[in-house]
Amino acid sequence: MSPMKVSLEWLSDYVDLILPPQELAHRLTMSGTEVGGIEERGDGWPGIIVAQIESIGPHPTAESLTLVGLGLLGEKITVVSGATNLQVDDKVPFAPVGAQLIDAQTGRPTVVEVAQIQGVASRGVLCSEKELGLSEAHEGVLILPGDAEVGLPLNVVLGDTILDLEVTPNRPDCLGMLGVAREVAAITEEPLHLPDLIYQEEGSDVRDDVQVEILAPDLCPRYSASVVHGITVGPSPSWMQRRLVAAGVRPINNVVDITNYVMLEYGQPLHAFDYETIYGRRIVVRRAAPGESLQTIDGILRTLTTEMLVIADAKRPVALAGIMGGSETEVTELTKSVLLESANFGPGSIRQSCRSLRLRTEASFRFDKGLPPANTIVALQRATKLLVEICGGKASRRLQDVFPAPREAIEIRLAPTELRRVLGIDLTVAQIRDVLSGQLGFDCRDDGDALLVRPPAHRGDIQIPADLVEEVARMVGYDRIPTTTLSGHLPDHSPQPMYSLIERLNDMLVGCGLQEVVTYSMIGRRLLSKMVVGKEAGAPDGLRLANPMTPDQEMLRTSLLPSLLECLNNNLRQDEAGPRLYETGRVYLPRHADLPEERQMLVIGMAGPRWQRQWGRATVPLDFYDLKGVVEELLDRLNLRGAHFIQVTDQQPFHPGRTTAVYSKDVRLGVMGELHPAVARNFEVRAPVCLAEFDLEQLLSVAGEEFLRIEPPPRFPAVRRDLALVVPERVPVAELFETIRHAGGPLLGHVDLFDLFRGEDLPPGHKSCGVGLIFRSQDHTLTDVEVAQVEACIVQQLQRQAGARLRG
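Let us look at the structure shown here. Since the structure is predicted, the reported quantities are computational estimates derived from the model, not experimental observations. (Residues numbered from 1 in each chain as written. Predicted model: local features only at pLDDT ≥ 70, side-chain atom pairs only at ≥ 80, totals over all residues. Heavy atoms only, no water.)

## Notes on the overall build of the protein chain
Item 1. Each helix and strand counted, the protein chain has 21 helices and 41 strands in total.
Item 2. Expected size for 808 residues packed as a compact globule is a radius of gyration near 28 Å; at 39 Å, the protein chain overshoots this value by more than 25%.
Item 3. Principal-axis analysis of the C-alpha atoms places the extent of the protein chain at approximately 120 × 80 × 60 Å.
Item 4. Sorting the 808 residues of the protein chain into buried and exposed places 48% on the buried side.
Item 5. Of the contacts formed within the protein chain by residues at least 6 apart in sequence, a portion of 69% connects residues at least 24 apart.
Item 6. On the protein chain, roughly 40,100 Å² of surface is accessible, and the fraction owed to carbon and sulfur atoms is 50%.
Item 7. The positive charge centre, built from 79 side chains, and the negative charge centre, built from 108, are 6 Å apart in the protein chain. (Helix = DSSP H or I, 4+ residues; strand = E, 2+ residues; numbered from the N terminus. Rg over C-alpha atoms; globule rule 2.2 N^0.38 Å. Buried < 20%, exposed > 50% of the residue type's maximum accessible area, 1.4 Å probe, protein only. Contact = heavy atoms within 4.5 Å. Areas by Shrake-Rupley, 256 points an atom, 1.4 Å probe, with all protein chains shown as cover. Lys, Arg positive; Asp, Glu negative; His and termini not counted. Charge placed at Lys NZ, Arg CZ, Asp CG, Glu CD.)

What follows is the structure, encoded as structure tokens:
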């Protein structure tokens, strides 16, 4: 959406406003032009009223001041003023004691008090436009219309309503007052009043004043220009300044204000050059030359590339086309002749140049939406007329207009059957013509049982029959479209196992106390280089972007770990309890002469203290077994109870002696372990960091859809048995668990390690493992005999496969 401020006082010049502001805003929104808010200008003038000057006399001690006598409903008030533009019988805005206005010097709101000025009491303030927030003018008092009634609140006389529009990208015509006026005229069926474009042409032919050449017609389809001589640069009229301020534009001088005014009126940006600074009286629209630069009117020297479009004279670039003018040719107080530019530029070129230069202006904001070439002439005529009338200039005869490849007007066929098919409503050809031609100004002619429709030049968004259907729908009213059920068959549900797996993982990991992070898919070489262990190894290279926004986002990530480590480090500095983070996302693995391979991954990271500091409880750091507990819980919840762990020593960026790979059914699911100390130093992390990385596609291939199976809560009680096993030191606990689960069969529900002991009471090279077994049946209560039989089978298998025996 693009913002546009619309003054109803200004809008009323082009169309009669017969609806209250709230109703008008609702009707505009329902027709597709959303009104995001309504601002009442004048609400900030409480107590300020209309007064009439009855007398003007000299101040007794200060020559630069006068004593102004005001007549106000039978009461006479004296005010001290320094304004020189006052005459008897003038109507002026008066702020009595207690009223609030804007201080002309500080720009802040202030409350009027009785003031002693050079020994004379002033019982109020005669307000300038700046004090009322209407413009920056504060040299004199604002003179009100002669028909303003004395005593009326000022907001009744000068108040205005501002509509804040949210314009969709396909409607750049509504970024101008005339485009909004056309919408209002269409929905209220009131006539449209277009500005007068006729002005007196004097002096030489414009083609003798300036020559225009387009060397990049693909980037500049049309360039129009006029020349006005003998102008006087100064402040613009107060009515123009008030309208510019209402639209959010700061007044500068009459020439610049006219170009901004016409831009806001027609939606067509213009630019004024000081004609005397144009070398060779020549304008060339071309791509920038290699190494060329331009100092823009904001005082910044900008280096240009050969992809940027510039406006140049016979020697040098004088403006960034469609973005900003150059400082050497800008209009100043000494300017006497103006070259006025009104051109059409390709939106892609403008958008790319703005991004490269990190520069956005009101002009580029409109050009990158795509403006119709037809706008250049009407906007140029309007601006030239205002220059002649306001700046006192003389316009050269004719206009320069270079249009190498005029576009043919499109014609679209629209039949009532198309409206019935898309909208489900029946309209006759005559009704469709009334909407398109009568309300919207489209050119329509009959073609059998259909219409051939030619959109007006300002509606470049109309290209296909569906666009015309939308125009009819929003004018007829969306409330007239019937609400019916779908006539076709609803598509069958398409299972998305990966999406379901990620959702399940999110629930499980959050349940384990982890927090999800979401990082950018792009990464920088600086961050990747921190993952390298040893100087001889190079940073892993990813697929580089052709136009990275920043160096920190110059390539597609090949791992989620670097970004997660950066998040862990940032959280370690802020959080007393150790951060426990995870992320699911895609990585992009480069392939030769092909698009990258996209793989869905899961990473988990934790570091720092296990809990927050508290009295009576020692703080201990998170370690590998905290991470292992989370991973085991995750695998258990996914019904992957046969998973096992194998130590690995060559997995970067993990610690070679504290890392294990996770397998299930001989498929490697991922890896987990402690971060390599060298990498931890690169990230300036002082606490041990535990990480896990899983390939979700491998996880899904093993789990299948078993993780979606939901088991009912148990109906029968469980039976617990504890075994104290003496086993060789070389036998890992995971091997014991696998043997126990295999021997326990369906009656064994859970196995856990509750004790681990090493000491002199045990044979050398052995350890004691306390193992808890939970038995349960789904269809009956287990007896002691049944449990004893399974327990004996487990002990027998442990002795045979692991060399374990029950501890005496």
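## Considering helix α10 (residues 375–391)
Item 1. Taking 1.5 Å of rise per residue, 17 residues should cover 24 Å, and α10 covers 23 Å from first to last C-alpha, within 8% of that figure.
Item 2. Where burial is concerned, most of α10 is hidden: 13 out of the 17 residues are buried.
Item 3. Note on α10: the residue one or two positions beyond its end, G392, has a positive phi of about 70°. (Expected span 1.5 Å × (residues − 1).)

## Brief notes about helix α11 (residues 416–423)
Item 1. All of the buried residues along α11 are P416, L419 and L423. Viewed end-on, α11 has its buried residues packed into an arc of 55°, placing them on one side of the element.
Item 2. On the buried face of α11, the contacting elements are β26 (412–414), α12 (429–439) and α13 (465–476).
Item 3. Just beyond α11, the residue with positive phi is G424, at close to 80°. (Arc of directions from axis to C-beta.)

## Regarding the sheet that holds strand β39 (residues 748–757)
Item 1. In space, the 4 strands of this open sheet follow the order β39-β40-β38-β41, with antiparallel pairing throughout. Pairing within the sheet leaves two strands with one partner each, and these edge strands are β39 and β41 (805–806).
Item 2. As judged from the 8 bridges shared by β39 and strand β40 (residues 766–775), these two strands associate in the antiparallel manner. The residue of β40 that forms the bridge with V751 is L773.
Item 3. Contacting β38 (719–728), β39 and β40, helix α20 (residues 733–744) runs over the sheet at an angle of about 150° to β39. (Pairing = 2+ DSSP bridges. Axes fitted to C-alpha atoms, helices over the stretch in contact; angles between N-to-C directions.)

## What to know about the sheet that holds strand β2 (residues 34–41)
Item 1. As summarised here, the arrangement of the 3 strands in space is β1-β12-β2, forming an open sheet in which the pairing is antiparallel. Looking at strand neighbours, the two that pair on one side only are β1 (2–7) and β2, the edges of this open sheet. Within the sheet, the average angular offset between the axes of one strand and its neighbour, ignoring direction, is 20°.
Item 2. Relative to strand β12 (residues 160–167), β1 runs antiparallel, the two being bridged by 6 bridges. Pairing of K5 across the sheet is with D164, part of β12.
Item 3. The strands that helix α2 (residues 21–30) touches are β2 and β12; relative to β2, the one it contacts most, it runs at about 160°.

## Re the pattern of salt bridges
Item 1. Scanning all chains against the criterion turns up 51 salt bridges.
Item 2. Across the salt bridge formed by E598 and R586, the nearest N and O atoms sit 3.5 Å from each other. Of this pair, E598 sits in strand β33 (residues 594–607) while R586 is found in strand β32 (residues 580–591), placing the two residues 12 residues apart along the sequence.
Item 3. Here E598 falls in the partly exposed class, since its relative accessible area comes to 43%.
Item 4. For R586, a relative accessible area of 44% translates into the label partly exposed.
Item 5. Via salt bridges that share partners, R171, D173, E183, R459, D461, E471 and R474 belong to a single interconnected network. (Salt bridge = Lys/Arg side-chain N within 4 Å of Asp/Glu carboxyl O.)

## Observations regarding the packing of aromatic side chains
Item 1. Overall, the coordinates contain 4 aromatic pairs when judged by the stated rule.
Item 2. Residues W239 and Y261 carry aromatic rings whose centres are separated by 5.6 Å and whose planes lie at 85° to one another, so their mutual orientation is edge-to-face. Taken together, the positions of W239 in helix α6 (residues 238–246) and Y261 in helix α7 (residues 254–266) put the pair 22 residues apart, joining distant regions of the chain.
Item 3. For the pair F345 and F367, a centre-to-centre distance of 5.1 Å together with 70° between the ring planes defines the contact as edge-to-face. Remark: F367 occurs in helix α9 (residues 362–367) and F345 occurs in the loop between β23 (337–344) and α8 (347–357); sequence separation between them is 22 residues. F367 carries the same exposure label as F345, and that label is buried.
Item 4. Through a chain of ring-to-ring contacts, three or more aromatic side chains come together here, namely W10, W239 and Y261.
Item 5. Its end group placed over the ring of Y279, K315 keeps NZ or CZ at 4.2 Å from the ring centre.
Item 6. K530 extends its terminal NZ or CZ atom over the ring of F683, reaching a point 5.4 Å from the ring centre. (Phe/Tyr/Trp six-rings, centres within 6.5 Å; stacked < 30°, edge-to-face > 60°. Lys NZ or Arg CZ within 6 Å of the ring centre and 35° of its normal.)

## Some remarks on unusual backbone geometry
With glycine set apart, most residues show a phi of negative sign, and most peptide bonds adopt trans.
Item 1. The omega torsion across Q652 and P653 is 5°, close enough to zero to call that bond cis.
Item 2. Mapping P653 onto the fold places it in the loop between β34 (644–647) and β35 (654–664).
Item 3. The residue D89 is not glycine, and still its phi comes out positive at about 80°.
Item 4. By secondary structure assignment, the location of D89 is in the loop between β5 (75–81) and β6 (91–96).

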